[in-house]
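# Close look at the chain arrangement
So you can see what is in the structure, the chains are spelled out below.
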Amino acid sequence: MAYLLEVEELSVSFRTEGGEITPVDGIRIALNPGETMCIVGESGSGKSAAALAILRLLGEGGRISGGSVRLNGEDLVSKTGAELRSFRGKEVAMIFQEPMTALNPVLSVGSQLIEAIRLHSKRSRKEARRVAAELLRSVGIPRPEAVLGEYPHSLSGGMRQRVVIAMALASEPKLLIADEPTTALDVTIQAQILELMKRFRERSGAAIVLITHDLGVVAEMADRVAVLYAGRIVEEADVFSLFENPLHPYTQGLMRSVPSPDAVRGQRLVPIPGSVPSPAAMPAGCRFHDRCPQADRRCREEEPPLEPVRAGGHKARCWAVRERLPATDATVASVGGGL
Amino acid sequence: MFPYLLRRLLIAIPVLLGITVINFVIMKLAPGNPVEMLIDPNTPPELIEAKKQMLGLHSPAYVQYFKWLQGLAHGQLGYSFSSYAPVSHLIGERIGPTLLLAFAALFAGLLVALPVGIFSATRRNTRFDYLMTGLSFVGTSIPPFFLGLGLIYVFALKLGWLPPGGMRDLNGGGGLGDTLLHLLLPATVLAVAIVGKKIRYVRASMLDVLKQDYLRTARAKGAREFAVIYRHALRNALLPILTVFGSEIPLLLGGSILIEQIFQWPGIGQLAMQSILSRDYPTLMALNLVAAAVVLATNLLVDLLYSAADPRVRYDA
């Protein structure tokens, strides 16, 4: 079947003073309408760059250096100018990490929201204002009429993020990309914001790409999960398989480093030693090998492919996993579906 | 808003008084006195003494200051030591041309520096940007008096297109066109200096804003690049620019002394120069007072404009 979003071998490069770096290196995402894909990774894993690349918002010095991004079969990488703008905000909308800086401080909430509405529909200013108030109400903002006339600085972080979401939902996008939408918010607000995104998905059947480093958010939202490490997807699975049976040593490390509700009292959290390698100095072989407890010589020399290793399309990029799991199982995986 | 304004105006009074005290002290500390400047040094001492008596220079300095202050309280700025004309008249005659020159230069400067700065920022590291930052460096580096003399040489002497100085043609000039023709060269010199400095400010301020997250939000909405720059970025970039352009106004009034000399522009710059040379205390005190008032007024104006431009700035009390 045709996917809504199909990202093939996407690479993103940035020009820096020390030469070109490639923080995203050949990632693949396929997403059906109504699905939520979470991209998980540490800071520096390339997850934000991947999200921005989908909308071609990499900014100065950044470019898509390989691969394709297709939405409903249309290639976004080759689009320019007006064509691209008709996708941004309309077909694909984005929610950003920092609600404090994502809104323009000198323009009123209303004028920013009305701009988003009028960019993609032929509505009069007055009608757009009515729609804007409705949007604010739908994201749970009390007295929407009054808030339209206010400026971002007079709203709390949670309220601002609601405004950003209202703006993203203005044109009923088919795909919503959310780059750490709850990271800057406190926990109760986080839950409300996630709830909003879920409601939107259920109502409109849109797909969501959710970038996060928070495994709690993943468990709450995801249908499928891709674990990103140093610009590569190292493990990909549906959310249940991933939590029940994380295969890649990196994913296992991530799971061990966060507290779980059924943990034994006194049990220690285990951090992953070291940090994500800089894109300017990628290690040879498996990119995780110098932090991996299971690494052997092969891991240092040769990079493993991302391969189906279990039923349900559970893929991992690890030599050790390949050896543990019989090849027949992997073959089954590519035809098997769901749990 | 109104209480804020009132408070600022009330605070301005002691500030202005303090400035006049400092001015008076500095003026008195400067060597020479008005009588020496006015009278032939061979004049008998009794006559000099009489002249001092007449001008009120015999009493102690603080008495002189309080007498001046007393006059000020009655709206009197006194009489010029050298021309005996009322100081208020002298200044009233001269302030108009100076304001005309200053605001023409400021306006022209803004008109050039704003678009060039914005273009330089949005096309950073292109040939246009290099050319403009280069030119702005040249503009800042050329001494205004040198540029002034150069322009007079080329456009007045060699080409004969523009008058070399003054504000109106002596043979029946004085119309608007005539004044503008005379204004062109001195205003250009001042504007070049402004543009040189301000292109860099505008560019830097704009570059700063161009990095902000909310521009990415605007692009993600599908806004055109034009709207991103002129609707979303420019208003934010204008805030710091407002301050530097505001602070330029008092500099223009004082800094035009040299330019007014070169172009024989009948403004307060020339008056100030003459008054300094003749130690014309009353005129100098009044000029300083006007200058101080202009500085305070522009500061207040900039603050008010700021609150109009930036919704985060509100003056409640």
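No experiment lies behind these values; they were computed from the predicted model shown. (Residues numbered from 1 in each chain as written. Chains lettered and ligands numbered in written order. Predicted model: local features only at pLDDT ≥ 70, side-chain atom pairs only at ≥ 80, totals over all residues. Heavy atoms only, no water.)

## Points about the overall build of chain B
Inclusion rule: A helix here means a DSSP run of H or I that spans at least four residues, while a strand means a run of E at least two residues long, and both kinds are numbered starting from the N terminus. Accessible area is worked out with a 1.4 Å probe on protein chains only. A residue is then buried under 20% of its type maximum, exposed over 50%, and partly exposed in between. Any pair of residues with heavy atoms lying within 4.5 Å of one another is described as a contacting pair. Under the convention used here, a 1.4 Å probe and the Shrake-Rupley method define accessible areas, while residue burial counts only the protein chains that appear.
Assigned secondary structure in chain B consists of 13 helices and zero strands. The N-to-C order of helical and strand elements in chain B reads α-α-α-α-α-α-α-α-α-α-α-α-α. With respect to the principal axes defined by its C-alpha atoms, chain B has extents near 85 × 60 × 35 Å. Counting the 317 residues in chain B, one finds 42% classified as buried. Here the contacts in chain B between residues at least 6 apart in sequence split such that 72% fall between residues at least 24 apart. Entry remark: accessible area of chain B is about 16,600 Å², with carbon and sulfur atoms responsible for 69%.

## Side note on the overall build of chain A
Using the following cut-off: The globule rule is 2.2 Å times the number of residues to the power 0.38, and the radius of gyration it is compared with is taken over C-alpha atoms.
Looking only at helices and strands, one finds 14 helices and twelve strands in chain A. Here the C-alpha radius of gyration of chain A, 21 Å, is about what a compact globule of 339 residues would show, namely 20 Å. When contacts within chain A are restricted to residue pairs at least 6 apart in sequence, those whose partners lie at least 24 apart make up 62%. Here chain A has roughly 15,000 Å² of accessible surface; of this, 51% comes from carbon and sulfur atoms.

## A look at the UniProt feature "transmembrane region" (unreviewed entry) in chain B
Residues and elements named next belong to chain B. Put simply, the test is: UniProt positions are given in the numbering used here, feature names are shortened, and annotations may be inferred rather than shown by experiment.
On the UniProt side, "transmembrane region" (unreviewed entry) is annotated at positions that read residues 9–30, 99–119, 131–156, 176–196, 237–263 and 283–306 here. Helix makes up 100% of residues 176–196 and strand 0%, with an end-to-end C-alpha separation of 28 Å. Annotated as residues 283–306, this span is 100% helix and 0% strand, and its ends, taken at the C-alpha atoms, are 34 Å apart.

## Structural notes on the pairing of strand 11 (residues 307–310) of chain A
Residues and elements named next belong to chain A. Spelled out, the test is: Whether two strands pair comes down to DSSP finding at least two bridges between them.
Across three bridges, the pairing between strand 11 and strand 12 (residues 314–316) is antiparallel. From the neighbouring strand, Arg310 faces strand 12, where its bridge partner is His314. Linking strand 11 to strand 12, which pair antiparallel, is a turn of three residues; within it Gly312 sits at a positive phi near 85 degrees.

## Focus: the UniProt feature "domain: ABC transporter" (unreviewed entry) in chain A
The residues that UniProt annotates with the feature "domain: ABC transporter" (unreviewed entry) are residues 5–255 of chain A. Helix makes up 40% of residues 5–255 of chain A and strand 28%. Its end C-alpha atoms lie 28 Å apart.

## Notes on the side chain of Arg317 of chain A
All names here are of chain A. Basically, it comes down to this: Positive charges come from Lys and Arg alone, negative charges from Asp and Glu alone, with His and the N- and C-terminal ends not counted. What counts as a salt bridge is simple: a side-chain nitrogen of Lys or Arg found within 4 Å of a carboxyl oxygen of Asp or Glu. A 3.5 Å cut-off defines polar contacts: any pair of N or O atoms within that distance qualifies, except that in protein one atom must be a possible hydrogen donor and the other a possible acceptor, and neighbouring residues in sequence count only when both atoms are side-chain atoms.
Tracing the backbone shows Arg317 in the loop between strand 12 and helix 13 (319–324). Buried charged residue Arg317 carries no salt bridge. Nearest counter-charge: Glu303, at 4.0 Å. A distance of 3.3 Å separates a polar side-chain atom of Arg317 from the backbone oxygen of Pro304. Sequence-distant contacts of Arg317, that is, excluding residues within four places in its chain, are made with Arg232, Ile233, Val234, His248, Glu303, Pro304, Pro305 and Leu306.

## Some points on the pattern of salt bridges
Residues and elements named next belong to chain A. The full count for this structure, using the stated rule, is 29 salt bridges over all chains. Linking Arg291 and Glu42 is a salt bridge whose minimum nitrogen-to-oxygen distance equals 3.2 Å. Taken together, the positions of Arg291 in the loop between helix 11 (249–256) and helix 12 (297–301) and Glu42 in the loop between strand 3 (36–40) and helix 1 (47–54) put the pair 249 residues apart, joining distant regions of the chain. Between Arg123 and Glu127 there is a salt bridge, and its shortest N-O distance comes to 3.7 Å. Residue classification places Arg123 among the partly exposed residues on the basis of a relative accessible area of 31%. Where salt bridges share partners, they join Lys90, Glu91 and Lys174 into one cluster.

## With respect to a nonpolar patch on the surface
Formally: The residues that make up patches have over 30% relative accessible area and no salt bridge, and they are joined within 9 Å when like-charged or within 5 Å when they are Val, Leu, Ile, Met, Phe, Trp or Tyr.
On the surface, Phe2, Leu6, Leu10, Ile13 and Leu17 of chain B cluster together into a nonpolar patch covering about 500 Å² of accessible area. Residue Leu10 of chain B is classed as exposed on the basis of its relative accessible area, which comes to 53%.

## A closer look at helix 10 (residues 225–246) of chain B
The following threshold applies: Expected span, for any helix, means 1.5 Å times one less than how many residues it has. Here the bend at a residue is taken as the angle between two axes, fitted respectively to the seven residues that end there and the seven that start there.
Between its first and last C-alpha, helix 10 of chain B extends 29 Å over 22 residues, near the 32 Å set by a 1.5 Å rise per residue. Of all the bends in helix 10 of chain B, the largest measures some 50 degrees and sits at Leu234 of chain B.

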